[in-house]
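# Structure at a glance
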Amino acid sequence: MPQTSVLIVDDVKDIRDLIALFLEDLEVEIVGEAIDGHQALDLMDSLQPDIVFLDINMPGVTGLEILDKIKDNNSIFPVIVSGDGDFETIKTSLDKGAQGFIAKPIDESKIIQIIDKYKITKC
Amino acid sequence: MINNSSKTIILAASFVFFLISCLVLFASKKMNENSESLNDMTENQLFEEHLSSIRNSIVNRAFILFKIHETSSPIKREKYFSEFQVELHNFEIAKQALNSNNDHQDHRWHSIKTAIMENHSNQEKIANLLRNNNQSQKEALLINKFILTQSENMTGMTKLFNFDSEHSKSHYKIVNDNNSTRNILLFFGFSTIIIGTFVTRATVRAISKSEANMISQGERIRELYKISALPISIDEQIYEMLKLEAQVLDMEIGKVCKIEPEEDKNTFIHIYSIPSLNIPQGRVAKLERTFCSIAYKREEPLAIDHVKRSEFKDYICYSFSQQESYIAHQVWIKGELFGTISFSSSKPRKAPFTEVDKELIRLMANWVSVALERKMAAEETTKAKQMAEQANVAKTNFLANMSHEIRTPLTAIIGFADSLNKGNYSEEQRDQWTSSIVRNGSHLHQIINDILDLSKIEAGQLQIEKSDISPSQILTEIDSIVGSRTRDKGLTFNIVYQMPYPKTVFSDPIRLKQILINLCGNAQKFTENGSITIKSYCDKSGHQLIFEVIDTGIGMTEEQTQKIFKPFSQADSSTTRKFGGTGLGLTISRQLAEKLGGDLICQSTIGKGSNFIISINTGPLTVIDFATDLSQLSEIKRYDHQTVEYNLLKGHILLAEDNPDNQNLISLYASQFGLSIDFADNGQQAVEKAVQQKYDLILMDMQMPVMGGLESVQMLRQMGSTLPIIMLTANAMTCDKDKCLEAGAEDYVTKPINIDKFYQVLAGYLPKDESNKNATNIDNSTELNKLTNNFMNKLPSMITELNEAVDNLHWDSVQSLSHILKGMGTSFGQPEITRISAIINKDSIKQNSKAVVKDMADLKNICDSAISDFKNNQPKSG
């Protein structure tokens, strides 16, 4: 069975590594990493990942703008990972089609929970 | 009958008519024939007569001629000549008649005519010759010759007239025939008349008999129905009917009987008897000894004209009842055989029972059925009306009671709270008042719960949730709840198990406990000294688990034990005042017991005590372990009644609740359970906190400002949180629970919160704290260590960069750097770094340089110690 493919987008390497670490035991395959919005869009096009972790605050295209761009794409499961955990941000993200919202600092349990949600929704 | 009669009439009439027609036809045919014959004969006769005349004339003339020839007297000769002339004259007449008549006689006339005419002319000649006295010799010879041959001729002539006698024979025969026909006609005619008369009589008799019968049956029915139209009670109507029919039938007794074969009972529920017998209504006889024992088994009416001469003469009922005549029919009520209606007499029947009699008793049996059914229906309606009125009265009483019950504790609560508010009380008073408030609040809570429970039960809304439960555990819990209070009152409290006892059964633990607590509460209320005992045992074959709550209290009368299960009614009208309670507990308990597949009954002796027996269905017992010894029921241990201990739970929970008092309360409970708790004042805050921090469970109140509980739950689920969420709700209705579950919550707790229930719910989702609290879990140690290494190595440079930005008031840089630090600290084991960075971040947005500088100092300190700690903890490298 093909593994779930994941794309991680964040301009800070430590965060990307952290997310990758927490994803290790969860039976997913990390197919790519991007450091900004443009790269993210390219990689999403070429790699067609199942899940994408998106930081909001990035140079160039922000996470929310990316959400707008992929709004009509039903085959992708976008999860916002953001340092801003305020209500407006959460609501906006969800309204824009985010399937999950994780605030930084990232707790491992949240990563586990979102992968669980992905698995449930895809079954 | 009527139909038969008319058939008979028609048949008879047809037959008679037919006979008559035949006779008439026959007669007329015969008569026609005869009259024809007679006509013929008459014609013949004339013909014969004429022929006779001719013959006679010829014969006479011949004779005369002879005499003339013989005589010599001239006088005689003259006489004879005139006679001759007369004869000649006759001949002429006859000849004329014959010639002018009779076509069909022609052949006969013709055949003899020639002979006669020849003869006639001869005779003429001779006569003429004889007239002459002087005859020549030749003439004399001719005359002699003629006379000699005359007799020969006469013979021949006679032969021609032979048919004479035959014709007269025929004539005679025909007349006879006519006579006999006439006789036959007369005979048959008379017979017909006689037969016809008889048939008519018989028919008429039959008709009038059946008409008479019908008239009498109709009359009898009419008379009976007249009674049913009288404005008297049904019982009186039945009596009058029995009396009337008994008199019509000339019987001594008429009765309606209720028959109970299993008890060999025959009750004369309605009876008419002649004055000399005067048998009372309601007499009970042994069924066997009455004829009704036979009658009620038969679908057709039983009619015995004379018992002594019947097949029943050896029956017991004959020897006992001494009745010689009997007629009866079954009486059915509502499709079931009820008894009989019967008429009997010590004298045999003068005339046998008729079909009409049987028809009539069948009719009467039907009427009595209907009448009795009507009576029963009327009684039921009256009873129902009474019960409805009673229920109405009870409901009104209840409302009055409830209004009082609710107001009383409210008064205490509000009153004492008000006093506390005003201040100015001693410590003792404060303690008294607060405990009173709690007590009254509890009581009020109980009352409202009871009312709600009862409403739910009556509306069929009560949910039973069965699971595998340990009855001994439940009883132990009861012991802890009820036992201490009971012992405080100076009573002994014991639980007794009868072996073998099931370790588990399949039932609803909450409802079972509810029942037991209610019963124990009652036992305690009404017992001043002695003991309360719960005895429990299992009825395997009936799949029932039984609990007996036995007290040595004031007890109740039989009547009272019936009353107490009725809603809104207690044993005594003063009970509420003396003992409190809602009057609903037992009603609810019984209904619950029934819903659990069992029942609740009460046995009591006034002054001695009461025993309430609950049974519940156990579910399948084949897979259940049974304990044979108390020691095998492991949950039994004496509780320390002073402190209630909870197994500590482990976790960090979030409470979303806007009411600060509730926050305080729940936080108190949570800490009692060993949990740490965080607060959010509304839904939005709850979502934010849930996102930003890690919790093991969320308690979400339904009603909150800004964003309510349900919406928040939905959002949390949308975000991807799979935490257990417990809703706090003030409404306990089923639909609310469904709403909670639909929104995504796991479970719910009703307000006001009961600490035990609260613990149970939380314990369902949080692990028990078995280990040292301070232990922290670090997984993925090596990898995380590596990353943490990275972070820690980078930290000093990040701090330096941040400092620079602050010094240079590059607020954008300060913001973004602090934002990054904030997002990393906790992940790498430095929550303090996250915390301070967050503050710096906020302050930098506000561009509050003073605060930022101060915070930076804090941050630097923390980072320095973190770095040094980290370095110290590293294994020596190299």
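The structure reproduced in this document is the subject of the present report. Quantities reported herein were computed from a predicted structural model and do not represent experimental measurements. (Residues numbered from 1 in each chain as written. Chains lettered and ligands numbered in written order. Predicted model: local features only at pLDDT ≥ 70, side-chain atom pairs only at ≥ 80, totals over all residues. Heavy atoms only, no water.)

### Digging into the overall build of chain B
Of the regular secondary structure elements, chain B holds 24 helices and 20 strands. When the 878 residues of chain B are sorted by exposure, 40% land in the buried category. Of the contacts made within chain B by residues no fewer than 6 positions apart, 67% connect residues no fewer than 24 positions apart. Accessible area for chain B stands at about 49,100 Å²; split by element, carbon and sulfur atoms hold 53% of it. (Helix = DSSP H or I, 4+ residues; strand = E, 2+ residues; numbered from the N terminus. Buried < 20%, exposed > 50% of the residue type's maximum accessible area, 1.4 Å probe, protein only. Contact = heavy atoms within 4.5 Å. Areas by Shrake-Rupley, 256 points an atom, 1.4 Å probe, with all protein chains shown as cover.)

### Section: the packing of helix H9 (residues 355-422) of chain B against helix H10 (residues 427-458) of chain B
Residue and element names in this part refer to chain B. Where H9 meets H10, the closest approach of the two axes is 9 Å, and the angle between their N-to-C directions is 155°. Regarding the angle of H9 to H10, the classification is roughly antiparallel. Pair H9 / H10 crosses with left-handed handedness. The residues of H10 that touch H9, namely those facing Phe398, Met402, Glu405, Ile406, Pro409, Leu410, Ala412, Ile413, Phe416, Ala417, Ser419 and Leu420, are Arg430, Trp433, Thr434, Ser436, Ile437, Asn440, Gly441, His443, Leu444, Ile447 and Ile451. Looking at side-chain class alone, the contact of H9 with H10 contains 15 nonpolar, 6 polar and 2 charged residues. (Axes fitted to C-alpha atoms, helices over the stretch in contact; angles between N-to-C directions. Parallel < 35°, antiparallel > 145°, perpendicular 65-115°, else oblique. Left-handed = near helix turned anticlockwise from the far one by under 90°. Nonpolar A, V, L, I, M, F, W, Y, C, P; charged D, E, K, R; others polar.)

### What to know about the packing of aromatic side chains
Residue and element names in this part refer to chain B. Tallied over the full model, the rule gives 11 aromatic pairs over all chains. For the pair Phe416 and Trp433, a centre-to-centre distance of 6.0 Å together with 25° between the ring planes defines the contact as stacked. With Phe416 in helix H9 and Trp433 in helix H10, this pair connects stretches of sequence that are 17 residues apart. Overall, the relative accessible area of 26% leaves Phe416 in the partly exposed class. Take Trp433: its relative accessible area is 15%, and that puts it in the buried class. Through a chain of ring-to-ring contacts, the aromatic side chains of Tyr669, Phe673, Phe758 and Tyr759 assemble into a single cluster. Positioned above the aromatic ring of Phe268, the side-chain terminus of Lys255 is 5.3 Å from the ring centre. Against the face of Phe626 rests Lys540, its NZ or CZ located 4.3 Å from the ring centre. (Phe/Tyr/Trp six-rings, centres within 6.5 Å; stacked < 30°, edge-to-face > 60°. Lys NZ or Arg CZ within 6 Å of the ring centre and 35° of its normal.)

### Considerations on the sheet that holds strand E11 (residues 531-539) of chain B
Residue and element names in this part refer to chain B. Strand order in the open sheet formed by 5 strands is E8-E11-E12-E14-E13, and the pairing between neighbours is mixed. Sheet topology places strand E8 (492-497) and strand E13 (599-605) at the edges, where each strand pairs with a single neighbour. Shown here is a sheet whose adjacent strand axes are inclined to one another by a mean of 15°, direction ignored. Where helix H15 (residues 585-595) meets the sheet, its contacts fall on E13 and strand E14 (609-617), and the angle it forms with E13 comes to roughly 135°. (Pairing = 2+ DSSP bridges.)

### Describing the interface of chain B and chain A
Contacts between the two partners involve 32 residues from chain B and, on the opposite side, 31 residues from chain A. Across the chain B/chain A interface, buried area totals approximately 2,800 Å², and carbon plus sulfur atoms make up 60% of it. On the surface where chain B and chain A come into contact, there are 1 salt bridge. Counting every contact that joins chain B to chain A gives 10 residue pairs in polar contact (both at pLDDT 80 or more). Every element with two or more residues in the side of chain B that touches chain A is listed here: helix H17 (683-692), helix H18 (709-719), helix H21 (781-807) and helix H22 (811-822) of chain B. (Buried area = accessible area lost by both parts, 1.4 Å probe. Salt bridge = Lys/Arg side-chain N within 4 Å of Asp/Glu carboxyl O. Polar contact = N/O pair within 3.5 Å; in protein donor to acceptor, adjacent residues only side chain to side chain.)

### Details of the sheet that holds strand E20 (residues 747-750) of chain B
Strand pairing in a sheet is mediated by backbone hydrogen bonds. Such pairs are either parallel or antiparallel. Residue and element names in this part refer to chain B. Read across the sheet, 5 strands follow the order E17-E16-E18-E19-E20 without closing on themselves; strand pairing throughout is parallel. Bordering the open sheet on either side are strand E17 (676-680) and E20, each of which pairs with just one other strand. Between one strand axis and the next, the sheet turns by 25° as a mean value, whatever way the strands run. Alignment of strand E16 (residues 652-656) against strand E18 (residues 697-701), held across 4 bridges, turns out to be parallel. By the bridge assignment for E18, Leu655 is matched with Leu699. Relative to E20, helix H20 (residues 755-763) is tilted by about 170°, and along the sheet it contacts E18, strand E19 (725-729) and E20.

### Comments concerning the side chain of Asn841 of chain B
Residue and element names in this part refer to chain B. Position of Asn841 relative to the elements: it lies in helix H23 (residues 831-846). A distance of 2.9 Å separates a polar atom in the side chain of Asn841 from the backbone oxygen of Gln815. Only 3.2 Å separates the side chain of Asn841 from the side chain of Ser818, close enough to count as a polar contact. Among all residues touching Asn841, those that are not within four sequence positions of it are Gln815, Ser818 and His819.

### Re unusual backbone geometry
The amide bond that connects Lys104 of chain A to the next residue, Pro105 of chain A, takes the cis arrangement and shows omega of 5°. You can see Pro105 of chain A is positioned in the loop between strand E5 (100-103) and helix H5 (108-122). The step from Met499 of chain B to Pro500 of chain B runs through a cis peptide bond, and the omega angle for that step is -10°. As for its placement among the helices and strands, Pro500 of chain B is situated in the loop between E8 and strand E9 (501-502). For Asn278 of chain B, which is not a glycine, the phi torsion comes out positive at approximately 50°.

### Examining the pattern of salt bridges
All names here are of chain B. Tallied over the entire structure, the rule returns 27 salt bridges over all chains. Of the charged contacts in the structure, one is a salt bridge between Lys265 and Glu260, with a shortest N-O distance of 3.9 Å. We classify Lys265 as partly exposed; its relative accessible area is 29%. We note a salt bridge from Lys422 to Asp418, for which the minimum N-O separation is 3.2 Å. Of this pair, Lys422 and Asp418 both sit in helix H9, separated by 4 residues, roughly a single helical turn. Accessibility expressed as a relative area gives 37% for Asp418, which makes it partly exposed. Where salt bridges share partners, they join Arg220, Glu245, Arg349 and Asp357 into one cluster.

### Comments concerning the side chain of His270 of chain B
Residues and elements named next belong to chain B. In this fold, His270 is placed in strand E2 (residues 265-273). Classification of His270 as buried rests on a relative accessible area of 5%. Discounting residues that sit within four places of it in the chain, His270 has contacts with Asp235, Ile238, Leu242, Gly254, Lys255, Val256, Gln281, Leu372 and Lys375.

### Comments concerning the pairing of E19 of chain B
Residue and element names in this part refer to chain B. Counting buried residues along E19, 5 of its 5 residues qualify, which places the element largely inside the surrounding structure. Side-chain alternation along E19 places Ile725, Met727 and Thr729 on one buried face and Ile726 and Leu728 on a second face that is also buried. With 4 bridges joining them, E18 and E19 adopt parallel strand pairing. Within E19, the residue paired with Leu699 across the bridge is Ile726. Crossover E18 to E19 through H18 is right-handed. As paired elements, E19 and E20 share 4 bridges and run parallel to each other. Bridge pairing links Thr729 to Thr750 in E20. (Right-handed = clockwise from strand over helix to strand, strands pointing away.)

### Remarks on a nonpolar patch on the surface
A cluster of nonpolar side chains, namely Leu186, Phe190, Ile193, Ile194 and Phe198 of chain B, defines an oily patch on the protein surface of about 550 Å² accessible area. Tracing the chain through its elements places Phe198 of chain B in helix H5 (residues 163-228). (Patch = residues over 30% accessible without salt bridge, like charges linked within 9 Å, V, L, I, M, F, W, Y side chains within 5 Å.)

### Quick look at helix H12 (residues 509-525) of chain B
Residue and element names in this part refer to chain B. When the terminal C-alpha atoms of H12 are compared, their 24 Å separation across 17 residues agrees well with the 24 Å that a helix rising 1.5 Å per residue should span. Taken as a whole, H12 has its buried residues at Arg511, Leu512, Lys513, Ile515, Leu516, Asn518, Leu519, Cys520, Asn522, Ala523 and Gln524. In this structure Asp508 caps H12, since a side-chain oxygen of it lies 3.0 Å from the backbone nitrogen of Ile510. (Expected span 1.5 Å × (residues − 1).)

### Some points on the environment of Val79 of chain A
Note that Val79 of chain A resides in strand E4 (residues 77-82). Once residues within four sequence positions are removed from consideration, Val79 of chain A is found in contact with Ile51, Val52, Phe53, Leu54, Gly100, Phe101, Ile102 and Ile114 of chain A.

### A look at the packing of H10 of chain B against H15 of chain B
Residues and elements named next belong to chain B. It is the contact of H10 with H15, at a shortest axis distance of 10 Å, that shows an interaxial angle of 40°. Between H10 and H15, the angle falls in the class oblique. In this structure, H10 crosses over H15, and the sense of that crossing is left-handed. Residues Asp450, Asp453, Leu454 and Ile457 of H10 form the contact with H15, whose participating residues are Thr587, Ile588 and Gln591. Looking at the contact of H10 with H15 residue by residue, the class counts come to 3 nonpolar, 2 polar and 2 charged.

So yeah, pure geometry; function would need other evidence.
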